[in-house]
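Descriptive structure summary
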Amino acid sequence: MKLPVFFSFLGFLTAGMHAQQSAAVDFTHLQANVKIDPFKKAVSGDVVFTFDILKATDSILIDAQKMHFSEVFLNDAPAEFGTDGKKFWLTGNFSPAKDQQLRLKYSAAPSQTMYFINKTALGKAPDYQVWTQGQGRYTSHWLPSFDEPGEKLEFDLSVIYPSEETVIANGELQKTEKIGDSLTRWQFDMEQPMSSYLVAIAAGDFEKEIRFSKNGIPLELYFPAGMEHKVEPTYRHTEFLMDFFEEKTGVAYPWEIYKQIPVQDFLYAGMENTGATIYSDLFLVDSTGYQDQNYVNINAHELAHQWFGNLVTAASPEHHWLQEGFSTYYALLAEKEIFGEDYYYRKLFKTAEELKQLSDQGKGMALVSKNANSLTYYQKGAWALHILQELIGAEAFDAGVKNYLEKYEFATATTEDLLAEMEAASGIDLSTFEKNWLRQSAFQGTEAFESLKRSPFIQKYLELAAAKPLPISEKRELLKQALSFPVNDYLGQEAVLQLALEDPATVTDLYKKAFSSGNIFTRQAIAFSLQQIPQQLKGQYETLLKDESYLTQESALYNLWMNFPGDRPKYLKQLENVDGFNSKNIRTLWLALSLATPEVSAESKKNYITELEAYTAPHQKFQVRENAFGYLYQLNAFSSETIYNLMEAARHHNYRFREFSKQLLKTLVDSGQLTAEEQDTLQKRLDEK
Ligand SMILES: [Zn+2]
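Residues numbered from 1 in each chain as written. Predicted model: local features only at pLDDT ≥ 70, side-chain atom pairs only at ≥ 80, totals over all residues. Heavy atoms only, no water.

This part is about the sheet that holds strand E7 (residues 87–94). Taken in spatial order, the three strands make up an open sheet running E3-E7-E6, and their pairing is antiparallel. The two strands at the open ends of the sheet, each matched to only one other strand, are strand E3 (57–63) and strand E6 (82–83). Pairing of E6 with E7 involves two bridges; the strand directions are antiparallel. In the strand pairing of E7, threonine 83 is matched with phenylalanine 88. (Pairing = 2+ DSSP bridges. Helix = DSSP H or I, 4+ residues; strand = E, 2+ residues; numbered from the N terminus.)

Put into structure tokens, the structure is as follows:
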């Protein structure tokens, strides 16, 4: 899984609940025929489990949250069963036997794990998306399955859904068939076993482009209808990533097909379901958005999980870094090939700073532990692997990883299992490495720093950063150098951020150099940091509105509008037809600024407020809604309708957006902005809970 940077991951650490069962019963296959009703937010199914009884036992357990069961048959005979809202079980005297069959029917209205997104706009035809998130949420909320990741079985799904939509799930699509007038059955096939948390379904109005990797693996790249122009920038480098990971791991991609599906209002940045990554549609970008928040890192991270996590799964939560550390590190290795070595070292440098800071506060965490935070599992994990590769050399590192993946394929592994393979491949005793990097809570700052200094870029970067406290008279030459052609992205940025500490009038010559560098990141740093624009820089600052970056454009529009009131209509005109990211970051800002511009006619303003209000509606992406709510608040322009939309948002399934909405609602209540009727409605809604 890949988290957005602002999200702290706390879930899924309660695995291992029925480790005892796996010794007695081994589930090998699940044929699941499920019917999803997006309107009723319900799912029902007819499923057949195949399993072996390895030794005599008195119970057979399956995880099943809040499900109703009927027609339960064990080997074709009606069977007595029990259920407690969390588990389903059979009790009896079961002797060792192969290929037992349990067939049952169930229904559920999942409160989590399967999400029903109503995208229907007022007066428009029904438009729904359904998608699942198994990790941390338990697939057993919509499909009887196993919360314990060590129980791996082959899942073959068949899904019944309204015909006009597209259904995507793990495995190859075998066939589709019409069921009655309005429904279709999509039938998928998998060849290999996996953990239940990796089962996935996505359904909606999707189209796809199919590409192939060097080794012929079909790559199905999904996109919402009407977003064709975002396919190339969003999925740029996808074939390379697949080829790179096959080569670096030395292990062929373990599954038959790879699909990627962008969905609305996703919980995280992305989730590596087996052969079917689901990710946030915020990462669907056009070629300008690609500069700012491209999908490459998440694409690489989720794909790496297909080996690290999906093929070989951490045996228990304390070994979770074997999934996230490896995926973070391998994604970084792939990005190094695409974006260069400076990018690689700069990222390591940044995460080392964060890890060191945490460690210095006494909050460092050991990598091998049950309750580490995401910074530890992801970034400290990547750091440990970077150090390990330096320590034993790339050749032994690759050989060890290959052996590890092959030895534990379609099974689980521990940190000790990995270390044994790395020691065998390198002939090097790794006990010191294990102690310092895997078991110690403190971050090994000195060793990390020594490693970073091997990069000539980092040496220059450190030299520049060290000049930060110096007076401008003593560092003018150094900054000038950093802003001279060819400008390094990160050195240019750092130089501009240091300029921001000075009186702009005294460094206009350096700003002019930065503007004319043509380096998009250096210019972006100006848009972010230079808020009081001196008259001498006005002309050049205005050119930022044309940069190939929505972040730059957004910041530049705001700063220019604030600094030069006389030119507001001119600036607004320039970005009149720009949406920005899928979050409409520029459009919502543009509307807010237009509403606050005296020269804009009352007639136009009426349209603009209507448009801004419409972006708060429940069918909009939550990121769009968040922007619109924020600007309505700043404009002091909430209406009854938008307040009701905010109340609805305060119950959204996305934690971050829900908290944002609750907070804003509280602010409105506290400042007495709700009418008596709105207060009343709010109270009723609170009482419902
Ligand atoms: Zn991950």
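This is not the end of the story, as more comes after the structure.
With respect to the helices and strands, the residue aspartate 547 is situated in the loop between helix H18 (538–542) and helix H19 (550–563). Exposure remark for aspartate 547: the relative accessible area of 10% places this residue in the buried category. Taking the C-alpha atoms as reference, aspartate 547 lies 17 Å from glutamine 531; in sequence the two are 16 residues apart. Apart from residues lying up to four places away in sequence, aspartate 547 is in contact with Ile520, Arg523, Thr552 and Gln553. (Buried < 20%, exposed > 50% of the residue type's maximum accessible area, 1.4 Å probe, protein only. Contact = heavy atoms within 4.5 Å.)

Glancing now at the packing of aromatic side chains. Overall, the coordinates contain 42 aromatic pairs when judged by the stated rule. When the ring of phenylalanine 27 is compared with that of phenylalanine 146, the centres are 4.5 Å apart and the planes differ by 45 degrees; the resulting orientation is tilted. Within this pair, whereas phenylalanine 27 is found in strand E1 (residues 25–37), its partner phenylalanine 146 is found in the loop between strand E10 (128–132) and strand E11 (154–162), the two being separated by 119 residues in sequence. There is no split in this pair, since phenylalanine 27 and phenylalanine 146 are both buried. Here the aromatic rings of tryptophan 383 and tryptophan 437 are separated by 6.2 Å at their centres, their planes lie at 10 degrees, and the arrangement is stacked. Taken as a pair, tryptophan 383 in helix H8 (residues 374–392) and tryptophan 437 in helix H11 (residues 431–439) lie far apart in primary sequence, 54 residues in all. Since its relative accessible area comes to 1%, tryptophan 437 is described here as buried. (Phe/Tyr/Trp six-rings, centres within 6.5 Å; stacked < 30°, edge-to-face > 60°.)

So, about the sheet that holds strand E12 (residues 166–169). Overall, antiparallel pairing links the four strands, which are arranged E9-E10-E15-E12 in an open sheet. Each edge of the open sheet carries a strand with a single partner, namely strand E9 (114–118) and E12. Taken pair by pair, the neighbouring strands of this sheet meet at an average axis angle of 10 degrees, ignoring direction. Bridge analysis of E10 against strand E15 (residues 201–204) gives two bridges, and the strand direction is antiparallel. Looking across to E15, one finds that valine 130 is bridged to alanine 203. (Axes fitted to C-alpha atoms, helices over the stretch in contact; angles between N-to-C directions.)

Two side chains carrying opposite charge are able to pair once their charged atoms lie near each other. Following the criterion strictly, the structure yields 34 salt bridges and no others. Among the ionic pairs, aspartate 63 bridges to lysine 87, the shortest N-O distance being 2.6 Å. Taken together, the residues span a long stretch of sequence, with aspartate 63 in strand E3 and lysine 87 in strand E7 at a distance of 24 residues. One exposure class covers both aspartate 63 and lysine 87, and it is buried. Residue glutamate 406 pairs with lysine 402 through a salt bridge whose shortest N-O separation is 3.1 Å. On the criterion of helical spacing, the pair formed by glutamate 406 and lysine 402 is a turn pair, its members being four residues apart in helix H9 (residues 394–407). With relative accessibility at 37%, the residue glutamate 406 sits in the partly exposed group. (Salt bridge = Lys/Arg side-chain N within 4 Å of Asp/Glu carboxyl O.)

Below, the discussion takes up the domain arrangement of the protein chain. One can read the domain layout of the protein chain as domain 1 (24–305) and domain 2 (312–454). Put simply, the middle of domain 1 and the middle of domain 2, counted by C-alpha atoms, are 29 Å apart. If you look at the interface, domain 1 gives 28 residues, while domain 2 gives 26 residues. Around 2,100 Å² of area is buried between domain 1 and domain 2 when both sides are counted, 66% of it from carbon and sulfur atoms. (Domains from an automatic or database assignment. Buried area = accessible area lost by both parts, 1.4 Å probe.)

Attention shifts here to the nonpolar core. Ranked by size, the top nonpolar core spans 210 residues in total, and within it Leu102, Leu143, Phe245, Trp307, Tyr330, Trp383 and Tyr541 carry the most contacts. In terms of residue count, the dominant contributor to this core is H8 (ten residues). Apart from the residues lying within four places of it in its own chain, the contact partners of leucine 143 are Leu30, Ala32, Val34, Val47, Asp63, Met67, Tyr106, Phe155, Leu157 and Val199. (Core = buried A, V, L, I, M, F, W, Y, C linked by side-chain atoms within 4.5 Å.)

Among the twelve residues of strand E2 (residues 42–53), ten are classified as buried, and the element is accordingly described as predominantly covered. Both E1 and E2 contribute to a ladder of twelve bridges, which runs antiparallel. Opposite aspartate 26, over in E2, you have aspartate 52 as the bridge partner. Here E1 folds back onto E2 in antiparallel fashion, the turn holding four residues, of which lysine 41 has a positive phi close to 55 degrees. Here E2 pairs with strand E8 (residues 97–108) via ten bridges, running antiparallel. For valine 48, the partnering residue across the bridge sits in E8 and is arginine 103.

With that settled, the discussion passes to unusual backbone geometry. Proline 486 follows phenylalanine 485 through a cis peptide bond whose omega is -10 degrees. Along the polypeptide, proline 486 turns up in the loop between helix H14 (472–482) and helix H15 (489–499). We note that lysine 66 has phi near 45 degrees; this positive angle belongs to a residue other than glycine. Structurally, lysine 66 can be placed in the loop between E3 and strand E4 (68–74). Take lysine 66: its relative accessible area is 58%, and that puts it in the exposed class.

Our focus in this paragraph is the packing of helix H6 (residues 321–339) against H8. Interhelical geometry of H6 versus H8 gives an angle of 65 degrees and a closest axis separation of 7 Å. On the basis of their axis angle, the class for H6 and H8 is roughly perpendicular. The way H6 lies across H8 gives a crossing that is right-handed. Where H6 abuts H8, its residues Trp321, Glu324, Gly325, Phe326, Thr328, Tyr329 and Leu333 lie against Tyr377, Tyr378, Gln379, Gly381, Ala382, Leu385, His386 and Gln389. Split by residue class, the contact of H6 with H8 holds eight nonpolar, six polar and one charged. (Parallel < 35°, antiparallel > 145°, perpendicular 65-115°, else oblique. Left-handed = near helix turned anticlockwise from the far one by under 90°. Nonpolar A, V, L, I, M, F, W, Y, C, P; charged D, E, K, R; others polar.)

Once that is clear, we can look at the packing of H8 against H11. Packing of H8 against H11 leaves a shortest axis separation of 10 Å and a crossing angle of 160 degrees. It follows from the interaxial angle that H8 and H11 lie roughly antiparallel. Every pair of crossing elements has a handedness; the one defined by H8 and H11 is right-handed. Between H8, through Lys380, Trp383, Ala384, Ile387, Leu388 and Leu391, and H11, the contact on the second element is made entirely by Phe433, Trp437 and Leu438. Among the residues forming the contact of H8 with H11, the class breakdown is eight nonpolar, no polar and one charged.

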